Amino acid sequence: MAVQTVETTPFSDQKPGTSGLRKTVPDFRQPGYLENFVQSIFDVLAADQRPGGDTLVIGGDGRYYNEQAIQIILRMAAANGFKRLMVGRRGHLSTPAVSCLIRRYGTRGGIVLSASHNPGGPEGDFGIKFNAPNGGPAPEGLTEPIFERSKVIDRYYTLDTADISLDTLGETELGGATVEVIDPVADYADLMASIFDLDAISDLFANGFRMRFDAMHAITGPYAKEIIERRIGAPAGTVTNAEPLADFGGGHPDPNPVHAHHLVTEMNGPDAPDFAAASDGDGDRNMILGPDFLVTPSDSLAVLAANATLIPRYAEGLAGVARSMPTSAAVDRVAEALGIDCYETPTGWKFFGNLLDDGRITLCGEESYGTGSNHVREKDGLWAVLFWLNILAKRRESVAEIVRGHWRRYGRNVYSRHDFEGLDGDAAGRLMEALRAQLGELAGRQVGDYRIRAADDFAYRDPVDGSTAEAQGIRVYFEDGSRVAYRLSGTGTGGATLRLYLERFVADPDTVPEDAQQALAGLIDSAQTLCRLGDYTGRSEPDVRT
Ligand code: G1P
Ligand code: ZN
């Protein structure tokens, strides 16, 4: 089958953001748009001499345009000389499952199609990212050359062939390559079984423990059904909204108290189960709840670290931990108590990759409902849920008892993130620039009830390869140990989103209201005043509080 060379012209807007190239479906449907970006990846890989063979893993979260995009990529990958293309049945693979497959089969990498927790559908969002042979999102050393290539690309390679069926498992030849349609769940489920004590969790359910896992009609449904219902033996119906749908059933597959509000309501109701959890569009995020109790992601990371030796895979202890800059310092306190290193990285999972590969850390996480470990190189929603189940099976205490006990022992980092969405991009940029311009003069200034101790613009130097990342968000520290951080989202597709990260440490959790918004009220005022939020944006109420 002859390879076709198709002439094309560059698009100027293909710079990968926090997690790959994310645009609307209509953007991606422009002739050549997806093709240009995919060919830019392949051109950079062809020039890059790192090992990994000629196999690629390809899959996505099943959202609208997933399957058409996969057909385009399969033809292009074969035309570009890849020999083996592993695709999940129906084109489905969760993001952590892609990472698992790349590592297990030692492939050249993988292509993940997803816009994570953003809504799907014909007018919804779509995205693509390349994962490297370590299983993790391409580091900047790869994404920058891909972007540079996309600016000058003038041709792409493809084949003139019909679509191939992705509905049945097995192999098909495609222009010199073998397309292997694989069970999307099996390898990942085996990996989970090798990490956790599934028997202990089965025993917990056998004793009447009740759980709700809400897959939000996104990718984790089949994974959760297999692991939680079939392998562990939780009652049928434990996993709800389990069928992946192209538009996520009209929902917003973002596991937070706003978009998974029904779960919060259920957990605050009279017949709440013992434990509830949800994941996002592509399966890498997690939300953890107990009756009348929501675990913040920052606290969750700290609790997992403090209880890690209860899990078979981590029984020998942790090498170290890492958290993104905006994440609370709760895990830092656990690391200090354990005598292990704790790293603070920029936002985005790719920054954990080198620390994991180098064996410096075992667990890591972000405040944005992302938690993970060295078992793959992505954050992993179901893994976090199983980690909690394993802890609950061993400790036989409630979710709230475990977290409150943690606060009593380590102190509490009261935490909230406020998102101001749909802002005018210029106004949001000016707000940040104005803050940046004052950084040198902030120390000593009184803002409301809070006096500033220090402020900076977070810059990171990777301790493994020495690469640097500048301007990663503004951090303002106050005299009482509180902290506020300001940054603009790098994952949105329309307007700008300002994120305000608020954190206050209390040694004795009983001295403040348990509700974080109440406990943080004074700090919230000071944070808004300091950045002149109202002046720049006309806003004072966030769209989302997590
Ligand atoms: C958001 C989260 C960040 C996460 C990213 C990808 O990025 O805040 O922690 O790594 O999604 O899931 P942001 O929109 O803030 O750039
Ligand atoms: Zn995601």
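Placed above this text is the structure.
Below: a short report on this structure. All values reported here derive from a predicted model rather than from experimental measurement.

A word on the coordination of the zinc ion (ligand 2)
1) Next: Note on the zinc ion (ligand 2): its protein donors are Ser116 (OG), Asp280 (OD), Asp282 (OD) and Asp284 (OD). The metal-donor distances range over 2.0 to 2.1 Å.
2) Next: The class of Asp284 is buried, set by a relative accessible area of 5%.

Structural notes on the packing of helix 4 (residues 95-105) against helix 6 (residues 186-195)
Two quantities define a packed helix pair, namely the angle between the axes and the distance from one axis to the other.
1) Next: The N-to-C vectors of helix 4 and helix 6 enclose an angle of 85°; their axes lie 9 Å apart at closest approach. When the axis of helix 4 is compared with that of helix 6, the two are roughly perpendicular. Facing helix 4, whose interface residues are Pro96, Ala97, Cys100, Leu101, Arg104 and Tyr105, helix 6 presents Asp187, Tyr188, Asp190 and Leu191.
2) Next: Among the residues making up the contact of helix 4 with helix 6, the classes are represented as 7 nonpolar, no polar and 3 charged.

A short note on the packing of aromatic side chains
1) Next: According to the stated counting rule, one finds 16 aromatic pairs in the structure shown.
2) Next: With 5.4 Å between their ring centres and 85° between their planes, Phe205 and Phe209 make a pair best called edge-to-face.
3) Next: Relative accessible area serves as the criterion here: at 8%, Phe205 is assigned to the buried category.
4) Next: Put simply, the rings of Phe11, Phe28, Tyr33, Tyr65 and Phe126 touch in pairs and so form one group of aromatic residues.
5) Next: Stacked on the ring of Phe505, the Lys or Arg Arg333 has its end atom at 3.5 Å from the ring centre.
6) Next: In this arrangement the basic side chain of Arg412 is found over the ring face of Trp407, its NZ or CZ atom lying 4.0 Å from the centre.

Overview of the nonpolar core
1) Next: Among the nonpolar cores identified, the biggest contains 74 residues, and Phe213, Phe275, Trp383, Phe387 and Trp388 are the most heavily contacted of them.
2) Next: In terms of residues, this core owes the most to one element, helix 13 (residues 381-395), which gives 11 residues.
3) Next: If we skip the residues at most four places from it in the chain, Trp388 touches Phe275, Ile288, Val295, Ser300, Val303, Leu304, Val399, Ile402 and Val403.
4) Next: Of all hydrophobic cores here, the second largest spans 44 residues; its members include Val38, Ile73, Ala77 and Leu174.

What to know about the side chain of Thr345
1) Next: For Thr345, the position within the fold is in strand 16 (residues 341-345).
2) Next: A residue is classified by how much of its surface remains accessible, and Thr345, at 0% relative accessible area, is buried.
3) Next: The residues touching Thr345, leaving out its near neighbours within four places in the chain, are Arg323, Ser324, Met325, Phe351, Phe352, Leu355, Phe458 and Tyr460.

Some thoughts on the site of ligand 1
1) Next: Taken together, 15 residues lie near ligand 1, and Ser368, Ser489, Gly490, Thr491 and Arg499 sit nearest.
2) Next: In this structure, an oxygen atom belonging to ligand 1 sits 2.7 Å away from a side-chain N or O atom of Glu366.
3) Next: Separating an oxygen atom of ligand 1 from a side-chain N or O atom of Arg417 is a distance of 3.3 Å.
4) Next: If ligand 1 stood free it would expose 390 Å²; the protein chains cover 97% of that surface.
5) Next: Partitioned by chemical class, the residues of the shell around ligand 1 number no nonpolar, 8 polar and 7 charged.

Some thoughts on the pattern of salt bridges
When the charged atoms of two side chains with opposite charge come close together, those side chains can pair.
1) Next: Under the defined criterion, the tally for this structure stands at 42 salt bridges.
2) Next: Between Asp197 and Lys394 there is a salt bridge, with its nearest N and O atoms 3.1 Å apart. Of this pair, Asp197 sits in the loop between helix 6 and helix 7 (198-206) while Lys394 sits in helix 13, and the two are 197 residues apart along the sequence.
3) Next: One salt bridge in this structure joins Glu397 and Arg395, with 2.8 Å as the shortest N-O distance.
4) Next: Each of Arg323, Asp332, Glu344, Asp456, Arg475, Arg483 and Glu503 takes part in salt bridges that share partners, so that together they form one network.

Some thoughts on the sheet that holds strand 9 (residues 177-182)
1) Next: Taken in spatial order, the 7 strands of this open sheet run 2-6-5-3-4-9-8, and their pairing is mixed. Two strands close off the open sheet at either side, each with one partner strand: strand 2 (21-24) and strand 8 (170-174). Taken pair by pair, the neighbouring strands of this sheet meet at an average axis angle of 20°, ignoring direction.
2) Next: Of the pairings in the sheet, the one linking strand 8 to strand 9 comprises 5 bridges and is antiparallel in character. Each bridged residue has a counterpart across the sheet, and for Glu173 the counterpart in strand 9 is Thr178.
3) Next: Against the sheet, helix 3 (residues 66-79) touches strand 3 (55-60), strand 4 (84-92), strand 5 (109-113), strand 6 (125-131), strand 8 and strand 9, its axis set at about 170° to strand 4.

Quick look at helix 7
1) Next: Those residues of helix 7 that fall on the buried side of the exposure criterion are Leu198, Ala200, Ile201, Leu204 and Phe205. The buried side chains of helix 7 occupy one side of the element, clustering within an arc of 160° when seen end-on. Those residues of helix 7 that are exposed and aimed more than 90 degrees away from the buried face are Asp199 and Ala206.
2) Next: Against the buried residues of helix 7 lie helix 6, strand 10 (211-214), helix 8 (220-231) and helix 13.
3) Next: Trailing helix 7 by a residue or two, Gly208 shows a phi angle of about 95°, which is positive.

Considerations on the side chain of Thr347
1) Next: When you line up the elements, Thr347 lands in the loop between strand 16 and helix 12 (353-357).
2) Next: Take Thr347: its relative accessible area is 13%, and that puts it in the buried class.
3) Next: In contact with Thr347, not counting residues within four places along its chain, are Thr18, Ser324, Pro326, Glu366 and Arg487.

The rules behind these values
Residues numbered from 1 in each chain as written. Chains lettered and ligands numbered in written order. Predicted model: local features only at pLDDT ≥ 70, side-chain atom pairs only at ≥ 80, totals over all residues. Heavy atoms only, no water. Donors = N, O, S within 2.8 Å, 3.2 Å for Na, K, Ca; no water. Buried < 20%, exposed > 50% of the residue type's maximum accessible area, 1.4 Å probe, protein only. Axes fitted to C-alpha atoms, helices over the stretch in contact; angles between N-to-C directions. Helix = DSSP H or I, 4+ residues; strand = E, 2+ residues; numbered from the N terminus. Parallel < 35°, antiparallel > 145°, perpendicular 65-115°, else oblique. Contact = heavy atoms within 4.5 Å. Nonpolar A, V, L, I, M, F, W, Y, C, P; charged D, E, K, R; others polar. Phe/Tyr/Trp six-rings, centres within 6.5 Å; stacked < 30°, edge-to-face > 60°. Lys NZ or Arg CZ within 6 Å of the ring centre and 35° of its normal. Core = buried A, V, L, I, M, F, W, Y, C linked by side-chain atoms within 4.5 Å. Near = heavy atom within 4 Å. Polar contact = N/O pair within 3.5 Å; in protein donor to acceptor, adjacent residues only side chain to side chain. Areas by Shrake-Rupley, 256 points an atom, 1.4 Å probe, with all protein chains shown as cover. Salt bridge = Lys/Arg side-chain N within 4 Å of Asp/Glu carboxyl O. Pairing = 2+ DSSP bridges. Arc of directions from axis to C-beta.

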